[in-house]
Amino acid sequence: MSALDEDAAAALAAMSVAGTRKTFNVLAAPTGVRTRLADGRELIVACSNDYLGMANDPAVVAAGVAGLRQYGAGTASVRFICGTFVPHVDLERDLADFVGTSAALSFVSCWDANAAAITVLADSNTIVLSDELNHASIVDAIRLSRAAGKVVYPHSDLAALEKALQGSLAAARRLVVTDGVFSMEGDLARLPELVELCRRYDAVLLVDDSHGVGVMGAEGRGTASALGVHGEIDVITGTLGKALGGAAGGFVAASESVIALMSQLARPGLFSNALPVTVACSARAALSLLRSEPGRVTRLHEVADRLRTGLQTAGLRPLPSASAIVPVIVGETATAIRMSQTLRDVHGVLVTGFGHPVVPEGTARLRLQASSAFADDDVDAVVRAVANVAPR
Ligand SMILES: Cc1ncc(COP(=O)(O)O)c(C=O)c1O
């Protein structure tokens with residue numbers, strides 16, 4: 001065994017002893033309300049990002065297959081060399097229109113989209129102001145940027161943000177960055193007040209709406225739409241890996257000039273292959289399905305409400321939110337992992353426990369996520385199972 005292997009084995013052994021080591025559930029069937037593990041066990045999935053039941057929707061799959069047949073398996077190039085295909089352009093136009101901007105640019109993930117947007121916008125004349133609960137991809141993108149300074153403000157504390165904005169007036173640019181729906185809590189950013197603050201202090205507002213697009217607002221157009229500020233956000237980033245087909249891929253949506261600049265400068269686009277065309281085709285079909293079947297969004301919220309109310313009735317205290325994320329705090333990482341194992345092995349329900357370093361120590365949680373594809377009976381089965389394992 002090399003010294004490196006010994007170090008790795010020791011680190012993993014320490015995690016096993018602490019009960020914090022994560023294991024992967026290997027699926028042998030498509031994800032959906034139900035799936036099957038490689039060992040044959042059938043499970044109800046209550047922790048997937050497939051909010052609208054699109055990941056295995058026949059129209060979404062067929063569009064991907066057609067794209068694969070028409071354009072082949074790979075782009076074999078970054079966008080500016082020879083990797084831009086008609087479906088990229090079509091998807092980007094549709095995405096921009098949907099979220100309320102004039103242009104968009106796709107990437108292979110929203111992780112990359114955040115890296116692209118933040119590193120291009122946060123130049124050496126910029127102070128970045130970031131909510132403390134922002135997604136890890138935002139945190140890392142800010143670290144990667146050449147921003148002149150960074151302020152992390154307490155979660156959704158707009159008085160603190162305003163003070164920080166006042167303190168950054170000497171900088172040529174202020175960039176305020178927030179999740180639209182906070183991924184670990186499920187709560188919404190205070191977008192109307194953020195829009196107003198950013199206008200008042202001449203700041204750029206970037207919203208990562210990965211858990212909001214397809215989920216929030218009557219037609220699923222996102223958190224800005226739900227809160228009455230659709231079309232008023234400077235830059236929106238989002239994923240194709242959740243409500244919009246659930247494959248992979250992300251996007252930045254903004255004005256034409258900002259997107260044009262991003263296509264020139266963003267390193268995740270300049271030095272990494274384009275989004276696979278099959279994914280662009282599936283995501284576009286998902287968007288079109290969402291437009292023609294807005295009832296999926298209504299159903300998603302009925303399911304989320306039933307999940308929350310059911311857990312409350314069972315004596316649990318899910319974090320309150322208007323999104324499709326329903327977290328139940330359980331304390332230590334090892335507790336969350338143990339509970340999710342019991343949920344899987346005894347109750348046939350897949351709800352992964354999240355602990356450190358994904359969330360702060362002591363706030364480990366079961367993060368349940370609703371899907372429009374759930375029947376009421378499925379929701380009730382999940383509630384019964386969680387009520388069985390979670391502490392009151
Ligand atoms: C808020 C937020 N931003 C970005 C991402 C990353 O998205 P992707 O899987 O497309 O890289 C996630 C996914 O976990 C997310 O929750």
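Quantities reported herein were computed from a predicted structural model and do not represent experimental measurements.

1. Focus on the nonpolar core
Generally speaking, nonpolar side chains in soluble globular proteins are found buried as a group.
Working step 1: Leu 161, Val 176, Leu 194, Ile 233, Leu 368, Val 382 and Val 386 are the most contacted members of the largest nonpolar core, which has 84 residues in total.
Working step 2: Per-element tally for this core: the top contributor is helix α11 (residues 277–292), with seven residues.
Working step 3: If you count residues domain by domain, this core takes at least three from each of domain 1 (19–48 + 294–389) and domain 2 (58–292).
Working step 4: Residues within four places of Val 382 in sequence aside, it is in contact with Ile 44, Ala 46, Leu 307, Val 349, Leu 368 and Phe 374.
Working step 5: If you look at the next biggest cluster of nonpolar residues, it comprises 24 residues, including Ala 103, Leu 121, Ala 141 and Leu 175.

2. Observations concerning the site of the ligand
Working step 1: Taken together, 13 residues lie around the ligand, and Cys 110, Asp 208, His 211, Thr 239 and Lys 242 are the ones closest in.
Working step 2: Between a nitrogen atom of the ligand and a side-chain N or O atom of Ser 210, the distance comes to 3.4 Å.
Working step 3: Here an oxygen atom of the ligand sits 2.6 Å away from a polar atom, N or O, in the side chain of Thr 239.
Working step 4: Taken by itself the ligand offers 390 Å² of open surface, and the protein chains cover 80% of this.
Working step 5: Residue composition of the shell around the ligand, grouped by class: two nonpolar, eight polar and three charged.

3. Some words on unusual backbone geometry
Working step 1: The peptide bond linking His 356 to Pro 357 adopts the cis configuration, its omega dihedral lying at 5°.
Working step 2: Positionally, Pro 357 belongs in the loop between β12 (353–354) and β13 (364–369).
Working step 3: Positive phi values are uncommon outside glycine, yet Ser 156 reaches one of about 55°.
Working step 4: Its location among the elements puts Ser 156 in the loop between β5 (149–153) and α6 (158–167).
Working step 5: For Ser 156, a relative accessible area of 15% gives the class buried.
Working step 6: One non-glycine residue, Asp 202, lies in the positive phi region at around 50°.
Working step 7: Among the secondary structure elements, Asp 202 is positioned in the loop between α7 (191–200) and β7 (203–208).

4. Looking at the pairing of strand β9 (residues 250–254)
Working step 1: For β9, the tally of buried residues reaches five of five residues, placing the bulk of the element in the interior.
Working step 2: The pairing of strand β3 (residues 103–107) with β9 spans five bridges and is classified as antiparallel. Paired with Ala 103 across the two strands is Ala 254, which belongs to β9.
Working step 3: One ladder, built from four bridges, connects strand β8 (residues 235–239) with β9; its direction is antiparallel. The residue bridging Gly 238 from the neighbouring strand is Phe 251, located in β9.

5. A closer look at helix α12 (residues 295–313)
Working step 1: For α12, spanning 19 residues, the distance from its first C-alpha to its last is 27 Å, which sits close to the expected 27 Å at 1.5 Å a residue.
Working step 2: Of all the residues in α12, the buried ones are Arg 296, Val 297, Leu 300, His 301, Val 303, Ala 304, Leu 307, Arg 308 and Leu 311. An end-on view of α12 places all buried positions within 155° of arc, on one side of the element.
Working step 3: In this structure, the buried side of α12 is in contact with α11, β10 (325–331), β13 and α14 (376–389).
Working step 4: Downstream of α12 by one or two residues, Gly 315 has phi in the positive range, about 95°.

6. Concerning the side chain of Glu 92
Working step 1: Topologically, Glu 92 is positioned in helix α3 (residues 86–99).
Working step 2: Not counting the four nearest positions on each side in its chain, Glu 92 is found in contact with Arg 79, Ala 104, Leu 105 and Ser 106.

7. Section: the packing of α6 against α7
Working step 1: Put simply, α6 and α7 touch, their axes get as near as 11 Å, and they point 15° apart. On the basis of their axis angle, the class for α6 and α7 is roughly parallel. For the pair α6 and α7, the crossing hand works out as right-handed. Between α6 and α7, the contacting residues are Leu 158, Leu 161, Glu 162 and Leu 165 on the first element and Glu 193, Leu 194, Leu 197 and Arg 200 on the second.
Working step 2: In terms of residue class, the contact of α6 with α7 is made up of five nonpolar, no polar and three charged.

8. What to know about the domain arrangement of the protein chain
Working step 1: Split into domains, the protein chain comes out as domain 1 (19–48 + 294–389) and domain 2 (58–292).
Working step 2: Of note, the centres of domain 1 and domain 2, computed from C-alpha atoms alone, are 26 Å apart.
Working step 3: Taken residue by residue, the interface counts 18 residues in domain 1 and 20 residues in domain 2.
Working step 4: Of all residues in domain 1, the largest losses of buried area upon contact with domain 2 belong to Pro 294, Val 297 and Ile 325, amounting jointly to 35% of the total for that side.
Working step 5: Counting every contact that joins domain 1 to domain 2 gives one salt bridge.
Working step 6: At the junction of domain 1 and domain 2, the tally comes to six residue pairs in polar contact (both at pLDDT 80 or more).

9. Describing the packing of aromatic side chains
Working step 1: Applying the stated rule across the entire model yields one aromatic pair.
Working step 2: With a centroid separation of 6.0 Å and an interplanar angle of 90°, the aromatic rings of Tyr 71 and Phe 85 are classed as edge-to-face. Highlighted residues: Tyr 71 in helix α2 (residues 58–71) and Phe 85 in the loop between α2 and α3, separated in sequence by 14 residues.
Working step 3: Take Tyr 71: its relative accessible area is 25%, and that puts it in the partly exposed class.

Cut-offs and rules
- Residues numbered from 1 in each chain as written.
- Predicted model: local features only at pLDDT ≥ 70, side-chain atom pairs only at ≥ 80, totals over all residues.
- Heavy atoms only, no water.
- Core = buried A, V, L, I, M, F, W, Y, C linked by side-chain atoms within 4.5 Å.
- Buried < 20%, exposed > 50% of the residue type's maximum accessible area, 1.4 Å probe, protein only.
- Helix = DSSP H or I, 4+ residues; strand = E, 2+ residues; numbered from the N terminus.
- Domains from an automatic or database assignment.
- Contact = heavy atoms within 4.5 Å.
- Near = heavy atom within 4 Å.
- Polar contact = N/O pair within 3.5 Å; in protein donor to acceptor, adjacent residues only side chain to side chain.
- Areas by Shrake-Rupley, 256 points an atom, 1.4 Å probe, with all protein chains shown as cover.
- Nonpolar A, V, L, I, M, F, W, Y, C, P; charged D, E, K, R; others polar.
- Pairing = 2+ DSSP bridges.
- Expected span 1.5 Å × (residues − 1).
- Arc of directions from axis to C-beta.
- Axes fitted to C-alpha atoms, helices over the stretch in contact; angles between N-to-C directions.
- Parallel < 35°, antiparallel > 145°, perpendicular 65-115°, else oblique.
- Left-handed = near helix turned anticlockwise from the far one by under 90°.
- Buried area = accessible area lost by both parts, 1.4 Å probe.
- Salt bridge = Lys/Arg side-chain N within 4 Å of Asp/Glu carboxyl O.
- Phe/Tyr/Trp six-rings, centres within 6.5 Å; stacked < 30°, edge-to-face > 60°.

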